[in-house]
Amino acid sequence: MSNFTSKYIDLSNISTEGVNHQTKNIDTLKTIQLVHLINKQDQSIALAVKSQLKNIAIAIDKIVYAFNHRGRLIYIGAGTSGRLGVLDASEMPPTYGVSDKLVIGLIAGGDAAIRKPIEGAEDNQLAVINDLKDIRLNKRDVLVGISASGRTPYVVSGLIYANKLGCQTISIATSHNSEIGKIAKIKIEAITGPETIVGSTRMKSGTAQKMILNTLSTGAMIKIGKVFSNLMVDVQPTNLKLVTRAFNLVKRITKANDKDIKKIMSITHNQVKPAVIMIKKNLNYGQAKQLLKKHRGMLRECLK
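Presented here is an overview of the structure given in this document. (Residues numbered from 1 in each chain as written. Predicted model: local features only at pLDDT ≥ 70, side-chain atom pairs only at ≥ 80, totals over all residues. Heavy atoms only, no water.)

### Examining the pattern of salt bridges
- One pass over the structure, following the stated rule, counts 6 salt bridges.
- Salt-bridge contacts for Lys 273 lead to Asp 234; the nearest nitrogen and oxygen are separated by 2.7 Å. With Lys 273 in helix α13 (residues 272-281) and Asp 234 in the loop between α10 (204-223) and α11 (240-254), this pair connects stretches of sequence that are 39 residues apart. In this pair, the class of Lys 273 matches that of Asp 234, namely buried. (Salt bridge = Lys/Arg side-chain N within 4 Å of Asp/Glu carboxyl O. Helix = DSSP H or I, 4+ residues; strand = E, 2+ residues; numbered from the N terminus. Buried < 20%, exposed > 50% of the residue type's maximum accessible area, 1.4 Å probe, protein only.)

Structure representation (structure tokens):
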């Protein structure tokens, strides 16, 4: 039984809580009609994100600065917003070969809340401070607070705490004049409007947040040299598919024959960057690693 039935907050100014008059009759439609209607609503999401590109670019540069100065990227959120942060963070190690300590996602209620909602977790302002202390948040880090409404107490409290430490702080909201936008040093507000199903922010809001997180993390990884051309050259070959992908990346970049590539990749343990350098620059494995270290992992610089 909920303990919150006698407590109410004013949601009237939160756009994601408004009534979407275009979908008021969605429960009367045939299936093909309702999916067309949902799709029509979704078409506005990319434009909402587009309005925030300048601030997203500024945020990426701050994240890159942190990475280059021993800092980390930390996401905090509750519910769908928290799950999206955890998802984005969890995809960085296999995709870009970074440590799982470089990008971290924290969700109100802890890891159990990824699968099941934890009652009252998003309202716990002290829990987030403990969560951030547990990972030793410090002034070199970037903290990104994610909240559709822009008022989630867990996120608000986390951003305030991070500001006190001197961290770079970024907010991602999908409502106008969000509370977290007033706290964070960089504000990203992609206004997606009333949800297709009133208050169901896993829909348009969640999609917008996912697009923004994709852009932040992908942009930062590109800028620190995890991408060559548009190729994931730091992919971790942890299964047969990824080993094959790594082989194909080396082949695409070097145009070498399969036999030579297999021989080189057996030496590099299927790592793409040193294999490419060994083939293109005619160096041994040790020399290739030294060159990568000299150029901070930037393959394009190594190949000049």
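### Observations regarding the side chain of Asn 20
- Relative to the elements of secondary structure, Asn 20 occurs in the segment before α1 (31-42).
- At 2.7 Å, the side chain of Asn 20 forms a polar contact with the side chain of Gln 41.
- Within the structure, Asn 20 has its side chain in polar contact with the backbone oxygen of Pro 194 (distance 3.2 Å).
- Beyond its immediate stretch of four places on either side in the chain, Asn 20 contacts Gln 41, Pro 194, Glu 195, Thr 196, Val 198 and Lys 204. (Polar contact = N/O pair within 3.5 Å; in protein donor to acceptor, adjacent residues only side chain to side chain. Contact = heavy atoms within 4.5 Å.)

### Focus: the packing of helix α4 (residues 79-90) against α10
- Two elements in contact, α4 and α10, have axes separated by 10 Å at closest approach and are oriented at 30°. Overall, the two elements α4 and α10 adopt an arrangement that is roughly parallel. The crossing of α4 and α10 is right-handed. Contacts from Thr 80, Ser 81, Leu 84, Gly 85, Leu 87 and Asp 88 of α4 reach α10 at Gly 206, Gln 209, Lys 210, Leu 213, Asn 214 and Ser 217.
- By residue class, the composition of the contact of α4 with α10 is 3 nonpolar, 7 polar and 2 charged. (Axes fitted to C-alpha atoms, helices over the stretch in contact; angles between N-to-C directions. Parallel < 35°, antiparallel > 145°, perpendicular 65-115°, else oblique. Left-handed = near helix turned anticlockwise from the far one by under 90°. Nonpolar A, V, L, I, M, F, W, Y, C, P; charged D, E, K, R; others polar.)

### What about the packing of aromatic side chains?
- In total, this model carries 0 aromatic pairs according to the counting rule given.
- Cation over ring: Lys 289 sits above Tyr 285, and NZ or CZ is 4.6 Å from the ring centre. (Phe/Tyr/Trp six-rings, centres within 6.5 Å; stacked < 30°, edge-to-face > 60°. Lys NZ or Arg CZ within 6 Å of the ring centre and 35° of its normal.)

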